[in-house]
Amino acid sequence: MVANAKETTKPWSMNATIIEACSCPMFCQCYFSTAPASHSMAGMAGMEGHEGHAEAYCKFNNAYRVNRGTYNGASLAGAKFWVAGDLGSDFGDGTADWAVLTFDPSVTPVQREGIGMILGKVYPVKWASFQMGTDAPISWEHRAGSDEAHAMLDGGKAGEVMLKNSVNKNASGPVVIKNLKYFGAPRNEGFVLMPNTVETYKLGDKPYEFKGTNGFMITLDITSKDVVASN
């Protein structure tokens, strides 16, 4: 995913939890199709002058916290990073529109190298534009058993995702989608459905903000053995 991210002959692994939200209606159809949902562009940031038109896109914010993992002998545990971008109108040919990867300042150089390489396996697409964002503090909050999750990039000045589990309140617990693959990751613990109250990215020339659209939490797991097995 990251330009010039190096492969390594040493075993690597990453188990991480994502607070994720996007512009698609609940639940994001991109996990069942290669074409995101169509949207009216009226009133959206950066879309002035295009009212009345519709466009297909999936504009997302993925706030990561690594639970455990290693790369070149270094631990990845605790690393936080943020991926924002847009899958574009159709990613069926293996290409997507744009993405920006931002690290929390605490992430070390070797962790960055490893995460960049591993993300290329998690999201095995070719980006028309991929950029590294300027380091910014990332807050990542979710308590076990809570029906809320909250992540902020640079204190919310650059990006924010707030999730609230309001789906099927008669259920005894959160609604979880099982047996659904998360992009290139071979294992996950299920999509815990939590629609967003806000998902916004405020940097660059393509800012956006959505409220009440798709959101979920997911814990994924991937190792170098999985990549070797798939080749």
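Residues numbered from 1 in each chain as written. Predicted model: local features only at pLDDT ≥ 70, side-chain atom pairs only at ≥ 80, totals over all residues. Heavy atoms only, no water.

Engineer: Break down the overall build of the protein chain for me, with residues and values.
Structural biologist: In terms of regular secondary structure, the protein chain is built from two helices and 17 strands. Sorting the 231 residues of the protein chain into buried and exposed places 47% on the buried side. A sequence separation of at least 24 residues applies to 68% of the contacts in the protein chain between residues at least 6 apart. Just so you have it, the protein chain exposes about 10700 Å², and 51% of that area is on carbon and sulfur atoms. (Helix = DSSP H or I, 4+ residues; strand = E, 2+ residues; numbered from the N terminus. Buried < 20%, exposed > 50% of the residue type's maximum accessible area, 1.4 Å probe, protein only. Contact = heavy atoms within 4.5 Å. Areas by Shrake-Rupley, 256 points an atom, 1.4 Å probe, with all protein chains shown as cover.)

Engineer: Would you mind going over the sheet that holds strand E10 (residues 148–153) in detail, with residue names and values included?
Structural biologist: Two strands in a sheet stick together by hydrogen bonds in their backbones, pointing the same way (parallel) or opposite ways (antiparallel). The strand order across the open sheet formed by five strands is E9-E10-E11-E15-E16, and the pairing between neighbours is antiparallel. Two strands in the sheet have a free side with no partner beyond their single neighbour: strand E9 (138–141) and strand E16 (208–210). Adjacent strand axes in the sheet meet at a mean angle of 5 degrees when their direction is disregarded. As paired elements, strand E11 (residues 159–164) and strand E15 (residues 196–201) share five bridges and run antiparallel to each other. Its bridge partner being in E15, Val161 is matched across the sheet by Glu199. (Pairing = 2+ DSSP bridges. Axes fitted to C-alpha atoms, helices over the stretch in contact; angles between N-to-C directions.)

Engineer: Before we move on, could you go through unusual backbone geometry and cite the residues and values that matter?
Structural biologist: Backbone torsion omega between Met26 and Phe27 reads -5 degrees, so that peptide bond is classified as cis. Here Phe27 shows up in the loop between strand E1 (13–22) and strand E2 (38–40). Residue Asn72 is not a glycine yet carries a positive backbone phi of 50 degrees. With respect to the helices and strands, the residue Asn72 is situated in the loop between strand E4 (59–71) and strand E5 (74–75). Its relative accessible area of 30% is what places Asn72 among the partly exposed residues. In the Ramachandran plot, Phe183 falls in the positive-phi region, its phi being about 45 degrees despite a non-glycine side chain. Mapped onto the secondary structure, Phe183 falls in the loop between strand E12 (176–177) and strand E13 (187–188).

Engineer: Outline the nonpolar core, listing residues and values.
Structural biologist: With 44 residues, the main nonpolar core has Met14, Tyr64, Phe81, Tyr182, Phe191 and Leu220 as its most contacted residues. Looking at this core element by element, the count peaks at five residues for helix H1 (residues 109–122). Ignoring sequence-local partners within four residues, the contact set of Met14 consists of Tyr64, Val66, Arg68, Gly69, Leu76, Phe81, Ile118, Leu220, Asp221 and Ile222. Membership of the second largest hydrophobic core comes to 22 residues, among which are Ala84, Ala136, Ala151 and Met194. (Core = buried A, V, L, I, M, F, W, Y, C linked by side-chain atoms within 4.5 Å.)

Engineer: Now, about the packing of aromatic side chains: what can you tell me, with residues and values included?
Structural biologist: Here the structure, examined in full by the defined rule, presents 21 aromatic pairs. Between Phe27 and Phe216, the aromatic rings sit 5.8 Å apart at their centres with planes inclined by 55 degrees, giving tilted as the arrangement. Of this pair, Phe27 sits in the loop between E1 and E2 while Phe216 sits in strand E17 (residues 215–223), and the two are 189 residues apart along the sequence. In this pair, the class of Phe27 matches that of Phe216, namely buried. Consider the rings of Phe60 and Trp127, whose centres lie 6.3 Å apart with planes at 50 degrees: the pair is tilted. (Phe/Tyr/Trp six-rings, centres within 6.5 Å; stacked < 30°, edge-to-face > 60°.)

Engineer: Pulling in residues and values, what's your account of the pattern of salt bridges?
Structural biologist: Enumeration according to the criterion identifies six salt bridges in this entry. Asp221 is the partner of Arg187 in a salt bridge, and the nearest nitrogen-oxygen pair spans 2.8 Å. One end of the pair, Arg187, is in strand E13; the other, Asp221, is in strand E17, with 34 residues separating them in the sequence. According to the relative accessible area criterion, Arg187 is partly exposed, its value standing at 34%. Measuring nitrogen to oxygen at the nearest pair gives 3.8 Å for the salt bridge that ties Glu209 to Lys211. A residue is classified by how much of its surface remains accessible, and Lys211, at 59% relative accessible area, is exposed. Through salt bridges that share partners, Asp147, Glu148 and Lys164 make up one connected network. (Salt bridge = Lys/Arg side-chain N within 4 Å of Asp/Glu carboxyl O.)

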